[in-house]
Amino acid sequence: MIKVEIIFLGTSSAVHSYTRNHPAIVLKAFGETMLFDCGEGTQRQLIFAKVSPMKISKIFISHYHGDHILGLPGLLQSMNFRGRETKLTIYGPKGLYDLKNALFHLGYSKIEFPIEFIEIGSETVESTEEYVIQSQYVQHNVPCLAYSVEELKKPRFLREKAIELGVPVGPDFGRLHRGEEVEINGRIIKPEQVLGPPRKGNKITYSGDTIPCEEMIEFAKNSTILIHESTYINDDADKAEENFHSTSFDAAGIAKASNSKELILTHFSTRYTNTDELLKEAKEIFENTKLANDFMKINI
């Protein structure tokens, strides 16, 4: 398995608290540092978390409510001040190009390093030999995307089977494991002859903001870790519905229905000074649940 580290930079919702910043999550994997959402104060949280903003290669925005994007102007300007030269790619739902125009016309700042803005919908965002990133529209009161990052794990190489077929130990093993055919003494050996069954890699899914919906359940199927918003407790379900958010009860139901292995709750309303009740409610439905806190790290 590829080493994956998740760092929660902000776990509040629309308003800061003494202990919780606006939403932002770092994912370090595959030799990359990716950022999901960028609430106000994110660049300061990066300092405390000892994550260099210069190493961020991609930023994924779930939607354009202020608590998810107002840290972006300052972060980009700081990258520029520090002499960034490498390209940054920013993904987001419909409306991203309007955000781009606003960012480049805010104050007297100048952005001189390359930034690619890519507006996306429900689709495969990027696919490499190591991972696939997907996005899915969910149900909020503005266009909003959930994201998943899934490791593409190669089937196990059946060494003894390869030797039995006459493949000499050496470079041909690697070629077959990469999916290439090789020729041995005039015979073609195909990868499927020496590879085991498909193996599932880790999958991390992030909900963005959403009411419980079938789209989210299907999108989160078989997640290793589901990071889901949990703005309200179930006693405030009417507020959750009115504001197109989820309760901890809702999030747990989605984790269970999607066959996720672990649920991490985040995006808490500041009306709850003690979040124990959110955890208790979720655990009644889905036992393997944790509450996110600012600077919490998860390694898988």
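Reading the values: the criteria
Residues numbered from 1 in each chain as written. Predicted model: local features only at pLDDT ≥ 70, side-chain atom pairs only at ≥ 80, totals over all residues. Heavy atoms only, no water. 1 Å grid on protein atoms, 1.4 Å probe; cavity = no way out; pocket = protein on both sides within 12 Å on 5 of 7 lines; lining within 4 Å. Points joined across faces, edges and corners; volume = space filled by probe spheres on them. Nonpolar A, V, L, I, M, F, W, Y, C, P; charged D, E, K, R; others polar. Helix = DSSP H or I, 4+ residues; strand = E, 2+ residues; numbered from the N terminus. Contact = heavy atoms within 4.5 Å. Polar contact = N/O pair within 3.5 Å; in protein donor to acceptor, adjacent residues only side chain to side chain. Buried < 20%, exposed > 50% of the residue type's maximum accessible area, 1.4 Å probe, protein only. Pairing = 2+ DSSP bridges. Axes fitted to C-alpha atoms, helices over the stretch in contact; angles between N-to-C directions.

**Student:** Explain the layout of surface pockets here, please?
**Tutor:** Think of a ball as big as a water molecule: rolled over the atoms, this probe shows where empty space is left. The space that makes up the largest pocket amounts to roughly 210 Å³. Lining the largest pocket we find 17 residues, and of these Ser13, Ala14, Thr231, Tyr232 and His245 sit closest to its centre. Split into classes, the residues belonging to the lining of the largest pocket amount to 3 nonpolar, 11 polar and 3 charged. Of the volumes computed, that of the second largest pocket is approximately 170 Å³. Around the second largest pocket, the lining residues are Ser17, Tyr18, Thr19, Arg20, Phe268, Ser269, Thr270, Tyr272, Thr273 and Thr275. Here the lining of the second largest pocket is built from residues that sort into 3 nonpolar, 6 polar and 1 charged.

**Student:** Help me understand the environment of Asp209, please; the structure alone is not making it clear to me.
**Tutor:** Here Asp209 lies in the loop between strand S12 (203-206) and helix H7 (214-219). Apart from the residues within four sequence positions on either side, Asp209 is in contact with His63, His68, Val138, Gln139, His140, Cys144, Glu229, His245 and His267. Only 3.3 Å separates the side chain of Asp209 from the side chain of His63, close enough to count as a polar contact. Of note is the side chain of Asp209, whose polar atom sits 3.3 Å from the side chain of His267.

**Student:** Please clarify how the side chain of Thr210 should be interpreted in this entry.
**Tutor:** On the secondary structure map, Thr210 appears in the loop between S12 and H7. Overall, Thr210 belongs to the buried group, its relative accessible area being 0%. Here Thr210 is in contact with Val138, Gln139, His140, His228, Glu229, Phe244, His245 and Ser246, once residues within four sequence places are set aside.

**Student:** Is there a simple way to think about the sheet that holds strand S1 (residues 5-10) in this case?
**Tutor:** Within a sheet, neighbouring strands are paired by backbone hydrogen bonds and run either parallel or antiparallel to one another. With mixed pairing, the 7 strands of this open sheet are ordered in space as S6-S5-S4-S3-S2-S1-S16. The two strands at the open ends of the sheet, each matched to only one other strand, are strand S6 (115-119) and strand S16 (297-299). Averaged over all pairs of adjacent strands, the angle between their axes in this sheet comes to 20°, without regard to strand direction. Here strand S2 (residues 24-29) pairs with strand S3 (residues 32-36) via 5 bridges, running antiparallel. Looking across to S3, one finds that Ala29 is bridged to Glu32. In this fold helix H3 (residues 72-81) packs onto S3, strand S4 (56-60), strand S5 (88-92) and S6, with an angle of close to 170° to the strand it touches most, S5. Contacts from helix H4 (residues 96-104) reach S5 and S6 within the one sheet, and its direction differs from that of S6 by about 150°.

**Student:** Would you explain the sheet that holds S12 in this entry?
**Tutor:** Taken in spatial order, the 7 strands of this open sheet run S7-S8-S9-S12-S13-S14-S15, and their pairing is mixed. In the strand order of this sheet, the two ends are held by strand S7 (123-127) and strand S15 (289-291), each with one partner. The average angle at which neighbouring strand axes cross in this sheet is 20°, direction not considered. With 4 bridges connecting them, strand S9 (residues 145-151) and S12 associate as antiparallel partners. Within S12, the position partnered with Tyr147 by the bridge is Tyr206. This element, helix H10 (residues 276-285), spans strand S14 (262-266) and S15 of the sheet and lies at about 170° to S15.

**Student:** What's the story with empty space enclosed by the protein in this structure? I'm lost.
**Tutor:** Applying the stated criterion across every chain yields a total of 4 cavities of 30 Å³ or more. Computed from the structure, the largest cavity encloses a volume of approximately 80 Å³. Along the walls of the largest cavity sit Ile6, Ile25, Leu27, Phe36, Tyr147, Ser148, Val149, Ile204, Thr205, Tyr206 and Ile227, which together make up its complete lining. Every element with two or more residues in the lining of the largest cavity is listed here: S2, S9 and S12. The space that makes up the second largest cavity amounts to roughly 50 Å³.

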